[in-house]
Amino acid sequence: MEIWINPACSKCRSAISLLDAEGADYTVRRYLEDVPTEDEIRDVLDRLGLEPWDITRTQEAVAKELGVKEWGRDAGSRERWIKALSEHPKLIQRPIITADDGTAVVARTDEAVRDALSR
């Protein structure tokens, strides 16, 4: 299992604490430093069962600069969103845990972290 984190994020720190408390075997990816490629983002989206706009932090300053709230949310706009997430990783919702069964969860709650652990 891998967890994408921003160490400055309290939700990320909480998820790590819970993983540690449960004795989970996981790898940490500091995605602001080790930026996911467009293919990796596509893979995570497939694992999450979500679209790129579902995991975009639209309140970030860069999101406002790019005007993402005005972008289409359809198949024709998907690649634009994925490119923006790769070029501006701060836009990616966090933390994201890729579970051992090939799925993934946006682990913003303890319940979501436990869900990833049970997979």
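- An unreviewed UniProt entry annotates the protein as Arsenate reductase family protein originating from Streptomyces sp. R35.
- UniProt annotates the protein under Sequence similarities (unreviewed entry) with the comment "Belongs to the ArsC family."

Some points on the side chain of Q93
Item 1. Take Q93: it is sitting in the loop between α4 (78-87) and β3 (96-98).
Item 2. Judged by its relative accessible area of 16%, Q93 falls in the buried class.
Item 3. Of the polar contacts made by the side chain of Q93, one reaches the side chain of R108; its length is 3.0 Å.
Item 4. Discounting chain neighbours no more than four positions away, the residues touching Q93 are I55, R57, V106 and R108.

Rules and cut-offs
- Residues numbered from 1 in each chain as written.
- Predicted model: local features only at pLDDT ≥ 70, side-chain atom pairs only at ≥ 80, totals over all residues.
- Heavy atoms only, no water.
- UniProt positions renumbered as here; feature names shortened; annotations may be inferred.
- Helix = DSSP H or I, 4+ residues; strand = E, 2+ residues; numbered from the N terminus.
- Buried < 20%, exposed > 50% of the residue type's maximum accessible area, 1.4 Å probe, protein only.
- Polar contact = N/O pair within 3.5 Å; in protein donor to acceptor, adjacent residues only side chain to side chain.
- Contact = heavy atoms within 4.5 Å.

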